[in-house]
Amino acid sequence: KTGAMACVARRGLARWARSFAAGTSSTPPVPETMSYLRNLRNGDEVYLVGTAHISRKSADEVRNVIRSVRPDTVFLELCDARAAAMRRSMSGKSDEGGIPEPLRQLLSALGAPGDLGEKMLGAGLKTVYNMFRMSGMDPGKEFKVGIEESDRIGARLVLGDRSQDLTVRALRDAITLPDILRMITGGGSMQWRDVDPQLVERFKRVDWNDPESAVELLKTREAVRALTGQMRREFPRVASAMLDQRDDHMTDGLLNKCSGRTVAVVGMAHMDGIESRWRDAMGGDGGVTLIS
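Sequence order as written defines residue numbering, which begins from 1 separately in each chain. At least 70 in pLDDT is required for a residue's local features to be given in this predicted model, at least 80 for side-chain atom pairs to be given and counted, and no such filter applies to totals for whole chains, interfaces and linings, which use all residues. Excluded from the side-chain calculation are hydrogens and water; included are all heavy atoms of the structure.

A short note on the sheet that holds strand β3 (residues 73-76)
At step 1: When DSSP finds two or more bridges between two strands, those strands count as paired. By the criteria applied, helices consist of DSSP H or I runs no shorter than four residues and strands consist of E runs no shorter than two, each listed in order from the N terminus. Strands sit in the order β4-β3-β5-β2-β1-β6 across an open sheet of six strands; the sheet is mixed. With one partner strand each, in any of the chains shown, β4 (156-159) and β6 (288-290) form the two edges of the open sheet. Neighbour-to-neighbour, the strand axes of the sheet open up by a mean angle of 20°, direction not taken into account.
At step 2: As defined by bridge partners, strand β1 (residues 34-38) adjoins β6 across three bridges and the pair is classed as antiparallel. Bridge assignment links Tyr36 to a residue of β6, and that residue is Thr289.
At step 3: Running at roughly 160° to β3, helix α7 (residues 141-153) makes contact with β2 (45-51), β3, β4 and β5 (261-267) of the sheet. Lines fitted to the C-alpha atoms define the axes, with helices restricted to the stretch that makes contact. Angles between their N-to-C directions range from 0 to 180 degrees. Residues count as neighbours in contact if any of their non-hydrogen atoms are within 4.5 Å of one another.

Below, the structure is given as structure tokens:
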């Protein structure tokens, strides 16, 4: 039965890819960072779109996939609080130039004085955020597109990420103020020994004076895997709080809160974890088709 379901999944995916190519001739046939998950028990489908949160191209890909698939459900890597803040920003009612509240909470929990927290983040994250906005790249725009498209087609919207308060609490338990200072100042040096030589050359070609091109150059599964591997080596407890625990939460949501056909939009760093957990839930290697 499982083999028959997998065969059906492959045929359905092939039909969708052909229709996507026919309907979006001005864009690549499918996003380069996408996989197809099939629930081998009940036939539910998930089109898992991996994004870079500061990539304008990712937002366009999310729009194209939703319009082509016309899903029953749109699943976003957002919690209720972040989605509410995003809806406010979409209506022009919030100041996106400020320091995000979860980061403010984390600094406070770590004992950083308010002025110090402002200076630390103001010199780093806030400046980078505004730089991306001025260059036409809106961080998290793919989620705004997901909300807009879900509303447009009347799809059910599932906010699949863990509460930001729980993530802040997990980070508070995993990280120290010296860790934050180390991150802001660059942390440890990248270890290239186990990285594919072609990928090393790709990293070396990155020009951060052109952030849009830099992000697109590194928007591959291999590049993200190298970066998350570095995080796991340098800050393993942070990786657990930021990646592993949330991968558990989102995979559970995809399996138990989404029905029919779903387009799921998550950061690329979560794709490996979600795919691995999906395979485990299906009892082996079944249910996941890599498209990229």
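Structural notes on the confidence of the model for the chain
At step 1: Known as pLDDT, the predictor's per-residue confidence is scaled from 0 to 100. In the predicted model, the chain carries a mean pLDDT of 77, and 64% of its residues have values of at least 70.
At step 2: Every residue in residues 23-29 is under pLDDT 50, and counting partners more than four places away or in other chains gives six contacts.

Considering the side chain of Arg246
At step 1: By secondary structure assignment, the location of Arg246 is in helix α13 (residues 236-256).
At step 2: The contact partners of Arg246, leaving out residues within four places of it in the chain, are Glu77, Arg82, Asp161, Arg162, Thr167, Ala241 and His270.

Quick notes on the pairing of β2
At step 1: Here the term buried applies to any residue with accessible area under 20% of the maximum for its type, exposed to any over 50%, and partly exposed to those in between, with areas from a 1.4 Å probe on protein chains only. The element β2 is largely enclosed, with a buried count of seven among its seven residues.
At step 2: On β2, burial covers both faces: Glu45, Tyr47, Val49 and Thr51 on one face and Val46, Leu48 and Gly50 on the other are all buried.
At step 3: Pairing analysis gives five bridges linking β1 to β2, with the strands arranged antiparallel. Each residue of the ladder has a partner; that of Ser35, found in β2, is Leu48.

Examining the packing of aromatic side chains
At step 1: Classification of ring pairs rests on two measures: the distance between centres of Phe, Tyr or Trp rings, Trp counted by its six-membered ring, which must be within 6.5 Å, and the angle between planes, read as stacked under 30 degrees, edge-to-face over 60 and tilted in between. Summed over the entire model, instances satisfying the criterion amount to one aromatic pair.
At step 2: Both rings, one in Tyr36 and one in Tyr47, keep their centres 5.2 Å apart while their planes meet at 65°; by these two values the pair is edge-to-face. Of the two residues, Tyr36 sits in strand β1 while Tyr47 sits in strand β2, which places them 11 residues apart along the sequence.

Focus: the nonpolar core
At step 1: Only buried Ala, Val, Leu, Ile, Met, Phe, Trp, Tyr and Cys residues count toward a nonpolar core, and they belong to the same one when joined by side-chain atoms within 4.5 Å. Leu76, Leu78 and Val263 are the most contacted members of the largest nonpolar core, which totals 21 residues.
At step 2: It is helix α2 (residues 56-69) that contributes the most residues to this core, five residues altogether.
At step 3: In contact with Val263, other than residues within four places in its own chain, are Tyr47, Val49, Val65, Ile66, Val69, Pro71, Thr73, Val74 and Phe75.
At step 4: Formed by 16 residues, the second largest nonpolar core is a distinct cluster that contains Leu40, Leu254, Val266 and Met282.

Topic: the pattern of salt bridges
At step 1: By definition here, a salt bridge exists when the distance from a side-chain nitrogen of Lys or Arg to a carboxyl oxygen of Asp or Glu is within 4 Å. In this structure the tally under the stated criterion is 16 salt bridges.
At step 2: For Glu149, the salt bridge goes to Arg67, with nearest N and O atoms at 2.9 Å. Of this pair, Glu149 sits in helix α7 while Arg67 is found in helix α2, placing the two residues 82 residues apart along the sequence.
At step 3: Residue classification places Arg67 among the partly exposed residues on the basis of a relative accessible area of 42%.
At step 4: Salt-bridge contacts for Arg221 lead to Glu275; the nearest nitrogen and oxygen are separated by 2.8 Å. Of the two residues, Arg221 sits in helix α12 (residues 221-234) while Glu275 sits in helix α14 (residues 271-282), which places them 54 residues apart along the sequence. Accessibility classification places Arg221 together with Glu275 in one group, the buried group.

Overview of α14
At step 1: Expected helix span is given by 1.5 Å per residue-to-residue step, counting one fewer step than there are residues. Between its first and last C-alpha, α14 extends 16 Å over 12 residues, near the 16 Å set by a 1.5 Å rise per residue.
At step 2: Listed as buried for α14 are Met271, Gly273, Ile274, Glu275, Trp278 and Met282.
At step 3: Those residues of α14 hidden inside the fold are in contact with β1, β2, α12, α13, β5 and β6.
At step 4: Two residues or fewer after α14 comes Gly283, characterised by a positive phi angle close to 85°.

Notes on unusual backbone geometry
At step 1: Despite not being glycine, Arg70 has its phi angle at roughly 50°, a positive value.
At step 2: For Arg70, the location among the structural elements is in the loop between α2 and β3.

Brief notes about the packing of α12 against α13
At step 1: For the pair α12 and α13, interaxial distance at closest approach is 5 Å and the crossing angle is 130°. Classed by the angle they form, the pair α12 and α13 counts as oblique. Contact with α12, carried on its side by Thr228, Met231, Arg232, Arg233 and Glu234, involves Pro236, Ala239, Leu243 and Asp244 of α13 and no other residues of that element.
At step 2: Within the contact of α12 with α13, the residues separate by chemical class into four nonpolar, one polar and four charged. Each angle is binned into one of four classes, with values under 35 degrees roughly parallel, values over 145 roughly antiparallel, values of 65 to 115 roughly perpendicular, and all other values oblique. Following the grouping adopted for this structure description, the nonpolar residues are Ala, Val, Leu, Ile, Met, Phe, Trp, Tyr, Cys and Pro, the charged ones are Asp, Glu, Lys and Arg, and the polar ones are all others, Gly among them.

Section: the side chain of Glu142
At step 1: Here Glu142 is to be found in helix α7.
At step 2: Of the side chains bearing the opposite charge, Arg82 lies closest to the buried Glu142, which forms no salt bridge; the N-O distance is 7.8 Å.
At step 3: Any pair of nitrogen or oxygen atoms within 3.5 Å is treated as a polar contact; in protein, a donor-acceptor pairing is required on top of that, and neighbouring residues in sequence qualify only through side-chain atoms on both sides. A distance of 2.8 Å separates a polar atom in the side chain of Glu142 from a polar atom in the side chain of Thr51.
At step 4: Other than its neighbours up to four places away in sequence, Glu142 contacts Thr51, Ala52, His53, Ser58, Ala59, Val62 and Val265. Positive charges come from Lys and Arg alone, negative charges from Asp and Glu alone, with His and the N- and C-terminal ends not counted.

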